[in-house]
Amino acid sequence: MFKYTGKRLLQGLVTVLIVVTIVFLLMRMLPTDYYFTEDQLMKFTEEQKNEQLLAAGLLDPIPTQLIRYYGQILRFDFGESKRIQNGVPVVKIIEDKFGISLKMGLISVVISVVVGIAMGVAQARHKDGIIDHIGTGYIVFANAVPPLVSYSLILIFGSRVLKFPSMYSSRNVGPSSVLPIVCLSIGSIAWWALWMRRYMVDETNKDYIKLAKIKGMSEKEIMRKEVLRNAFVPLAQYLPMSILTTIGGSILVERFFSVPGMGPLLTDAINKYDVNVVQTVVILYAVLSIIGIFLGDLLMIAVDPRITLTDKGGTEE
Amino acid sequence: MIDKDLEKNEEIENEAELFSFVEYSPEVAEMTGDSEYSYWKSVFQNFIKKKSAVVLSIIFIVLVIFTFIALSIGKYDYKTLIPDTSKAFIKPNSEYWFGTDNIGRDYWSQVWYASQVSIKLSIIVGIGQCVIGVLIGLVWGYVKKLDGFFTSIYNLINNVPRILYMMLISLLVGQSFTIMTVSLIAFGWLVMARNVRNLVMIHRDREYNLASRALGTPTFRILIKNIFPQLISVIILRLALSIPETIAMESTLSYLGLGLGIDTPSLGILLRNARNYFLDYPYLLIFPAVIVSTISVTFYLIGNAFSDAADPKNHV
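What counts, and where the lines are drawn
- Residues numbered from 1 in each chain as written.
- Chains lettered and ligands numbered in written order.
- Predicted model: local features only at pLDDT ≥ 70, side-chain atom pairs only at ≥ 80, totals over all residues.
- Heavy atoms only, no water.
- Helix = DSSP H or I, 4+ residues; strand = E, 2+ residues; numbered from the N terminus.
- Contact = heavy atoms within 4.5 Å.
- Areas by Shrake-Rupley, 256 points an atom, 1.4 Å probe, with all protein chains shown as cover.
- Lys, Arg positive; Asp, Glu negative; His and termini not counted.
- Charge placed at Lys NZ, Arg CZ, Asp CG, Glu CD.
- Buried < 20%, exposed > 50% of the residue type's maximum accessible area, 1.4 Å probe, protein only.
- Axes fitted to C-alpha atoms, helices over the stretch in contact; angles between N-to-C directions.
- Parallel < 35°, antiparallel > 145°, perpendicular 65-115°, else oblique.
- Left-handed = near helix turned anticlockwise from the far one by under 90°.
- Nonpolar A, V, L, I, M, F, W, Y, C, P; charged D, E, K, R; others polar.
- Core = buried A, V, L, I, M, F, W, Y, C linked by side-chain atoms within 4.5 Å.
- Buried area = accessible area lost by both parts, 1.4 Å probe.
- Salt bridge = Lys/Arg side-chain N within 4 Å of Asp/Glu carboxyl O.
- Polar contact = N/O pair within 3.5 Å; in protein donor to acceptor, adjacent residues only side chain to side chain.
- Phe/Tyr/Trp six-rings, centres within 6.5 Å; stacked < 30°, edge-to-face > 60°.
- Lys NZ or Arg CZ within 6 Å of the ring centre and 35° of its normal.
- Patch = residues over 30% accessible without salt bridge, like charges linked within 9 Å, V, L, I, M, F, W, Y side chains within 5 Å.
- pLDDT = per-residue confidence, 0-100.

Digging into the overall build of chain A
Summing up its helical and strand segments, chain A has 14 helices and 0 strands in all. Helices and strands appear in chain A in the N-to-C order α-α-α-α-α-α-α-α-α-α-α-α-α-α. Referenced to the eigenvectors of the C-alpha coordinate spread, the extents of chain A come out at roughly 85 × 55 × 30 Å. Counting contacts in chain A only where the partners sit at least 6 residues apart, residues at least 24 apart contribute 69% of the total. As presented, chain A carries roughly 16500 Å² of accessible surface, and 64% of it is formed by carbon and sulfur atoms. Of the side-chain charges in chain A, 32 are positive and 27 negative, and the distance between the mean point of each set is 7 Å.

Written out as structure tokens, the structure reads:
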């Protein structure tokens, strides 16, 4: 177990290292002008620019820069933003932003898991009934209709009929967060419901459920004690992932409702060529999802003692 | 005496014949089955039985044909649209069938032109992902030595959200139809390859393949004739699902300003333009939204129906 954990952590570390390297090298392909703030670009002459670059070590050979960058990351120094917020350390910017994303994301994860699982269970219990058909219709809608369209529909319905604010505002956090949270949740509710239903239907056809029925357990008890728990196991591994990725925010939802969270940060940084911010945010996303997958596997072992990952070293898919 | 010796010789000769490879000839190989069963015929029959799927396919085909008709019967040609703010936000009428947008351009021609772009993009990307995914998946699953190599590539790419790659590409390379197509394919084959690989691993060491190998069937033939038919239903499902996924990804990226260039209208770009105005002028949202949803939902449902039909397990 410990050996396995260690191996996985090492693998994750190597992946992070590769991602860092690739992102760093890609960013060095951009013209050096992007290392200056817009003010500096206007004022500086070519010589001054070169001096600055030399002083910052940005004209060194790439391998030297890369090794220096590794060192900086170890010291948790991700440089300064040049374009979005003049000269503010990137870590500070992220600190300011991720709270909003995290709060909204967590609420939406809780809603999705609770509603999604409840929906999946209801569908499985009334298989081929009206509830099942309605649920399937919803799942098809949420999966097939492009998010941009479904968000727009929610926006129209929510702001016209239910009178919720159509934009996020920090002065009116409660009501103005409702629509973004609904948008964050529609897709993941469908996801949880789809798989919960599928796994529950699979489980109910198994022999041990027949035995439980013969033993005289009531339908409710069978569902709660046997089916639900076993059907949840394969889903458990996705839970940490969905919680952790909320830190990164949803790029589309936050842009759509002008939420000042992590999502728009990356698009802004990309549109304005803010090298340090892009680098840091991409690395953050990668690290979060690697940790998420890893924790998911650990959680799966924890909820189901029959599963061992050590012999084959892979997650089930 | 002589007769007996002869018999013995014959027996041994027969034995040698039994344990030598038979010369391969395709005609003889096909001769074994004598049933009337034809795979594609059964697929077709099963598919036809599902009325909803047939109706949806017809809707899609009609829609594609209509995009061309709509462009030619429209009163304005997309390429000659001129912004004219005095004509902005005209509600749909007999002159402007879908109304006009915020800078007074005819919406009808924009919507249909954009639909064509989106359909073209998603079909090219879907087929591209499919071809690359199947080829890599077959090799990945069949050649055990390469498993580790492909698995680490898969993990490396899959560990980072795909939208990040797409954003970085539009930052570093640029924005155009070709760039978008290539990069969507380059990061989209993974799911297909992974599905194919898992199925190949399940089937490659089954008895019938062992028998084929023992009989000297070339690897390529085993892959194409024995294993590939097992994959068709999954491949078709993935292909059909990749179309709504591509449309969703394209519209998301275009909305963020990182998709196709501004001069190539896609449904994503129309929806982005509509974002600021559709609360007051709902028709700006409704027309592109209905078309894009029809395409996506149709493919999603056709894919599910067709993959059931293509699964040999469901054939009688």
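Description of the overall build of chain B
A count of helical and extended segments in chain B gives 12 helices and 0 strands. Mapped from its N terminus to its C terminus, chain B presents α and β elements in the order α-α-α-α-α-α-α-α-α-α-α-α. Relative to its 316 residues, chain B shows a buried fraction of 46%. Long-range contacts, defined as pairs at least 24 residues apart, comprise 69% of the intrachain contacts of chain B with a sequence gap of at least 6. Of the roughly 16600 Å² of accessible surface on chain B, a fraction of 64% belongs to carbon and sulfur atoms.

Quick word on the packing of helix H5 (residues 107–142) of chain B against helix H12 (residues 283–310) of chain B
Residues and elements named next belong to chain B. Contact geometry for H5 and H12: axes closest at 11 Å, N-to-C directions at 25°. Regarding the angle of H5 to H12, the classification is roughly parallel. Pair H5 / H12 crosses with right-handed handedness. Touching Tyr107, Val111, Trp112, Ser115 and Ile119 of H5 are Tyr283, Leu284, Phe287, Pro288, Ile291 and Ile295, all from H12. Its residues assigned to classes, the contact of H5 with H12 shows 10 nonpolar, 1 polar and no charged.

Let's talk about the nonpolar core
Ranked by internal contacts, the top residues of the largest apolar core, which has 103 residues, are Leu266(A) and Met167(B). Examining the composition of this core, we find that 10 residues originate from one element, H5(B), more than from any other. Once you skip the residues sitting within four places of it in the chain, Met167(B) turns out to touch Ile251(A), Leu266(A), Thr267(A), Ile270(A), Leu253(B), Leu256(B) and Leu258(B). Judged by nonpolar contacts, the second largest core, of 17 residues, contains Ile117(A), Ile209(A), Met217(A) and Ala231(A).

Quick notes on the interface of chain B and chain A
Taken residue by residue, the interface counts 35 residues in chain B and 40 residues in chain A. Of the roughly 3400 Å² buried where chain B meets chain A, counting both sides, 77% is carbon and sulfur surface. Where chain B touches chain A, the interface holds 0 salt bridges. Summed over the shared surface of chain B and chain A, the result is 2 residue pairs in polar contact (both at pLDDT 80 or more). For the side of chain B that touches chain A, the secondary-structure elements that each account for two or more residues are helix H7 (162–172), helix H8 (177–204), helix H10 (219–255), helix H11 (267–275) and H12 of chain B. A class-by-class count of the residues in the side of chain B that touches chain A yields 24 nonpolar, 8 polar and 3 charged.

Considerations on the packing of aromatic side chains
Per the counting criterion, the structure on display carries 13 aromatic pairs over all chains. Look at Phe256(A) and Tyr255(B): their rings are 5.6 Å apart centre to centre, the planes differ by 45°, and that puts the pair in the tilted class. In this pair, Phe256(A) sits in helix H12 (residues 251–256) while Tyr255(B) sits in helix H10, so the two residues belong to two different chains. We classify Phe256(A) as buried; its relative accessible area is 2%. Pairing Phe60(B) with Phe299(B) gives two aromatic rings, centres 4.6 Å apart and planes at 80°, and the pair type is edge-to-face. Taken together, the residues span a long stretch of sequence, with Phe60(B) in helix H4 (residues 51–73) and Phe299(B) in helix H12 at a distance of 239 residues. The pair Phe60(B) / Phe299(B) is uniform in exposure class, with both members buried. Each residue in the set Tyr151(A), Phe256(A), Phe257(A) and Tyr255(B) is aromatic and connected to the rest through ring pairs, giving one cluster. Here the guanidinium or amino end of Lys120(B) rests over the ring plane of Phe177(B), the centre of that ring lying 5.2 Å away. The residue whose ring lies beneath Arg194(B) is Tyr154(B), and the NZ or CZ to ring-centre distance is 5.0 Å.

Remarks on a nonpolar patch on the surface
Residues and elements named next belong to chain A. On the surface, a nonpolar cluster with roughly 390 Å² of combined accessible area is contributed by Ile107, Val110, Ile111, Val114 and Val115. Mapping Val110 onto the fold places it in helix H5 (residues 90–125). Residue Val110 is classed as exposed on the basis of its relative accessible area, which comes to 52%.

Some points on unusual backbone geometry
Residues and elements named next belong to chain A. Of note in this structure, Ser258 is not a glycine but carries a positive phi near 50°. Structurally, the position occupied by Ser258 is in the loop between H12 and helix H13 (262–271). Judged by relative accessible area, Ser258 falls into the partly exposed class, the value being 40%.

A closer look at the pattern of salt bridges
The tally for this structure, following the rule as stated, stands at 6 salt bridges over all chains. Taking the shortest distance from any N to any O, the salt bridge between Asp132(A) and Arg197(A) comes out at 2.8 Å. Of the two residues, Asp132(A) sits in helix H6 (residues 130–144) while Arg197(A) sits in helix H8 (residues 173–204), which places them 65 residues apart along the sequence. According to the relative accessible area criterion, Asp132(A) is buried, its value standing at 2%. Arg238(B) is the salt-bridge partner of Glu245(B), the closest N and O atoms lying 2.9 Å from each other.

Observations concerning the side chain of Thr298(B)
Residues and elements named next belong to chain B. Counting through the fold element by element, Thr298 comes out in helix H12. You can call Thr298 buried: its relative accessible area is 2%. Every residue in contact with Thr298, bar those within four places of it in the chain, is listed here: Leu56, Phe60 and Ser293.

Overview of the confidence of the model for chain A
Residue and element names in this part refer to chain A. Taken as a whole, chain A shows an average pLDDT of 79; of its residues, 90% reach a score of 70 or greater. The weakest mean pLDDT in chain A belongs to helix H2 (residues 38–43) at 69; the strongest belongs to H6 at 86. Within the model, pLDDT remains below 50 along residues 311–317, and this stretch shows 9 contacts once partners closer than five positions in the same chain are excluded.

Quick notes on the side chain of Thr246(B)
Along the chain, the position of Thr246(B) falls in helix H10. Each residue touching Thr246(B), except ones within four places of it in the same chain, is listed here: Leu121(B), Ser122(B), Val125(B) and Leu184(B).

Quick notes on the confidence of the model for chain B
Residue and element names in this part refer to chain B. Mean pLDDT over chain B: 78, with 82% of residues reaching 70 or higher. No element of chain B has a lower mean pLDDT than helix H1 (residues 2–18), which averages 55, and none a higher one than H5, which averages 87. Predicted complex metrics record ipTM = 0.74 and pTM = 0.76.

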